[in-house]
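Overview (structure and organization)
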There are 2 protein chains.
Amino acid sequence: MEVVMKPTIKDIAAKSGFSIATVSRVLGNKTGSYSEKTQIKILKVAKELGYRKNSVAVDLVKKRSDVIALIINATPTNFSTQIIDGIQQRASELGQGVIILYAGNRDNGLQHKAIITALERSVTGILLAAIEPDEQDLALLKASRIPYCFVSLYLGTRDILAVSSDNRDLAYQATQYLIDRGHTRISLVGIDGYHTGSQRQAGYRDAMAANQLTAADILSGDYSYESGVKLLQQVHDQGVTAVIAASDMVAAGLLTAAQQQGLTIPRDLSIMSIDGTIICQITTPALTSVTQDFYRIGSQSVNKVMGQPAEDFIPVVITERASVAVQK
Amino acid sequence: MEVVMKPTIKDIAAKSGFSIATVSRVLGNKTGSYSEKTQIKILKVAKELGYRKNSVAVDLVKKRSDVIALIINATPTNFSTQIIDGIQQRASELGQGVIILYAGNRDNGLQHKAIITALERSVTGILLAAIEPDEQDLALLKASRIPYCFVSLYLGTRDILAVSSDNRDLAYQATQYLIDRGHTRISLVGIDGYHTGSQRQAGYRDAMAANQLTAADILSGDYSYESGVKLLQQVHDQGVTAVIAASDMVAAGLLTAAQQQGLTIPRDLSIMSIDGTIICQITTPALTSVTQDFYRIGSQSVNKVMGQPAEDFIPVVITERASVAVQK
DNA sequence: CTGAAAGCGCTTACAG
DNA sequence: CTGAAAGCGCTTACAG
């Protein structure tokens, strides 16, 4: 029974009386290489048969996919939607589809697997969002002939394509903002020591130093809500008047825990968040933040991986809400 | 220069002195069909050449991908991470990869495009998460020979595979919970009239009726934070003592707006949320919720689309936090 | 255990 | 404008 088989151009050729070459041309819209009558006939037959192109075959012969692979992990903070929107939008303008490969939450195995999957599918380019690559990942990527670009992560070298906020500058601005409001004892909380984390640590330290202030011990964490909750006590012990939270989620955790301790924010503690997602609006008080332009980070990274001119660093902006008080 | 070309099994065959058939067998691990010496030799050459399999070619000849396509849209509430985790986990247990196709935010065009993309790539199955299909989408899906399953959406018929919470029951439970705590004037807020929405509306109405209570006008919205903010005034005008929010985001919006109006939650208004994501912990007070088991919804949907036994409806649970007061 | 050959569903010079 | 043929990189009966 033919019924059960997916129809191919061969079926269309047989039924229409043309060769598969001609069928391929009209289906592929190679305008000018077929007559209108032929087109009409073939299109009609294709529709009758319920024909649907087999992209796998097309990709094989064309040796490329016209799809960008986006590898992303489940970060505790939910900025990914904006990044994805930016990527999708720009990719579609450039005629590229995008498939998302999920790398778990900082799961090195999954991450590696995702890279390999992308490599094996002859994608146009690979985007790695918020992925901290290990040596192996990097070696794999470098050995491939496929362009790749890190998104929202700067590896510290121009040799590797990347689009992100300038994390040093971002933390510097956050710190300076607090200093400008009279704070002198300021802490940085919930951060790790990978690329993004250490760049932010540097920005924080530089700003403190530039203002002749001594930096507090940095409180390590993993950017999560739980980190924030857990670290509040240490923040309190530090005796600081203001904190910079490594992410909106850390800020939210800090806030909840502080309130449970009976603290009033921002009177007893000012919180400056990093990211500026909708989380900042949900909390009470709303969180003042250094806001990243994730959409633009996404769209520019597509430009970059497609070999078009693109910005390296996307400017951030400070969004004043209600979690920072002026220190007398 | 050979250097620039990606090596193929033909290159390995040439360099190792074996035929491409044998190369294919050892690379494909067809144990028993080659000698150990051969294996060692071929693997060595493959490594030297930096060989990487071309999955596109493999898929073409095998006529299937061993990947599940997950089509997902950017819902205002961020439960997707949990669904994805569940899907990824179960899929990998079954030897399936998963690619995610992003359908924007209720964007019918993108949604349709995503379905077509999946159809053209001979995936093992298609999962549609929180997607309300239109006629066209459904026709497309039905016409294909690829199994598909809706995730977190029940179309109201057993003919179409789906795994979700029982949304009627979910809303019924939420309503009954409030009634049990003395509330009689209860509203349902931020919901739409599609499948999930109307099922919840029915559950709400049924519970009210079963308790001889009159249902308030349902306040329509799109499950977003903004909906919650915008609808608070109407909730207030209704004079209810408790609301069921269509999602965590709606609940958060309601809460923020209420607090801005000077209301104290839950004293002045009890809020019962639907979803139970981390958002519920972030707000002050924390939101009591009907909590869905998104992870399980995800993993069971994989079973279902792979033709394995699976549950249709995943039980929900009520998580008491601090946004519901007992009404005297 | 191994190889020659056919074939997966397309595209694209080449020739007419 | 159209068709016959080669080929994309693999897998897998078939024969030995």
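If you're wondering where the values come from, they're calculated on a predicted model, not measured in any experiment. (Residues numbered from 1 in each chain as written. Chains lettered and ligands numbered in written order. Predicted model: local features only at pLDDT ≥ 70, side-chain atom pairs only at ≥ 80, totals over all residues. Heavy atoms only, no water.)

This brings us to the overall build of chain A. Secondary structure assignment for chain A yields 13 helices and eleven strands. Over its C-alpha atoms chain A spans a radius of gyration of 26 Å, topping by over 25% the 20 Å that the globule rule assigns to 328 residues. Referenced to the eigenvectors of the C-alpha coordinate spread, the extents of chain A come out at roughly 85 × 40 × 35 Å. By residue count, 53% of the 328 residues in chain A fall in the buried class. Within chain A, contacts between residues at least 6 apart in sequence are counted, and of these 69% link residues at least 24 apart. Summed over its atoms, the accessible surface of chain A is roughly 14100 Å², and 52% of this surface lies on carbon and sulfur atoms. (Helix = DSSP H or I, 4+ residues; strand = E, 2+ residues; numbered from the N terminus. Rg over C-alpha atoms; globule rule 2.2 N^0.38 Å. Buried < 20%, exposed > 50% of the residue type's maximum accessible area, 1.4 Å probe, protein only. Contact = heavy atoms within 4.5 Å. Areas by Shrake-Rupley, 256 points an atom, 1.4 Å probe, with all protein chains shown as cover.)

The subject of this paragraph is the domain arrangement of chain A. When cut into domains, chain A gives domain 1 (2–53), domain 2 (61–163) and domain 3 (167–292 + 315–319). Each of domain 1 of chain A and domain 2 of chain A was reduced to a C-alpha centroid, and the two centroids are 36 Å apart. (Domains from an automatic or database assignment.)

Okay, the interface of chain B and chain A next. Contacts between the two partners involve 46 residues from chain B, matched on the other side by 46 residues from chain A. With both chains or domains summed, chain B and chain A bury close to 4100 Å², and 58% of this area falls on carbon and sulfur atoms. When residues of chain B are sorted by the area they lose upon contact with chain A, Tyr-102, Glu-120 and Ile-282 of chain B head the list and together hold 17% of the total. Taken together, the links from chain B to chain A amount to two salt bridges. (Buried area = accessible area lost by both parts, 1.4 Å probe. Salt bridge = Lys/Arg side-chain N within 4 Å of Asp/Glu carboxyl O.)

A word on helix H7 (residues 135–143) of chain B. All names here are of chain B. All of the buried residues in H7 are Asp-137, Leu-138, Leu-140 and Leu-141. The arc enclosing the buried residues of H7, seen along the axis, measures out at 160°, which places them on a common side. Exposed and facing more than 90 degrees away from the buried side of H7 are Glu-135, Lys-142 and Ala-143. On its buried face, H7 sits against helix H6 (108–120), strand S3 (125–129) and strand S4 (148–151). (Arc of directions from axis to C-beta.)

Mapped onto this structure's residue numbering, the UniProt feature "domain: HTH lacI-type" (unreviewed entry) falls at residues 7–62 of chain A. For residues 7–62 of chain A, the helix share is 68%, the strand share is 0%, and the end-to-end C-alpha distance is 21 Å. (UniProt positions renumbered as here; feature names shortened; annotations may be inferred.)

Taken together, 28 residues form the shell around DNA strand C, and within it Ser-24 of chain A together with Thr-22, Arg-25, Gly-32 and Thr-38 of chain B come nearest. Take the atoms of DNA strand C that sit within 4 Å of the protein: sugar and phosphate atoms are 68% of them. The side chain of Arg-25 of chain A places a nitrogen or oxygen atom 2.9 Å from a base nitrogen of DNA strand C. Here Thr-22 of chain B contributes a side-chain N or O atom positioned 2.7 Å from a phosphate oxygen of DNA strand C. Elements with a minimum of two residues in the surface near DNA strand C: helix H1 (9–16), helix H2 (20–27) and helix H4 (55–62) of chain A together with helix H2 (20–27) and helix H4 (55–62) of chain B. (Near = heavy atom within 4 Å. Polar contact = N/O pair within 3.5 Å; in protein donor to acceptor, adjacent residues only side chain to side chain.)

It is worth spelling out the relation of the copies chain B and chain A at this point. Mapping chain B onto chain A calls for a rotation angle of 180° and an axial translation of 0.0 Å; the resulting RMSD is 0.0 Å. Expressed as an axis order, the relation between the two copies is that of a two-fold axis. Both copies contact each other with a shared surface, as 100% of the interface residues of chain B are interface residues in chain A too. (Least-squares fit on C-alpha atoms with pLDDT ≥ 70 in both.)

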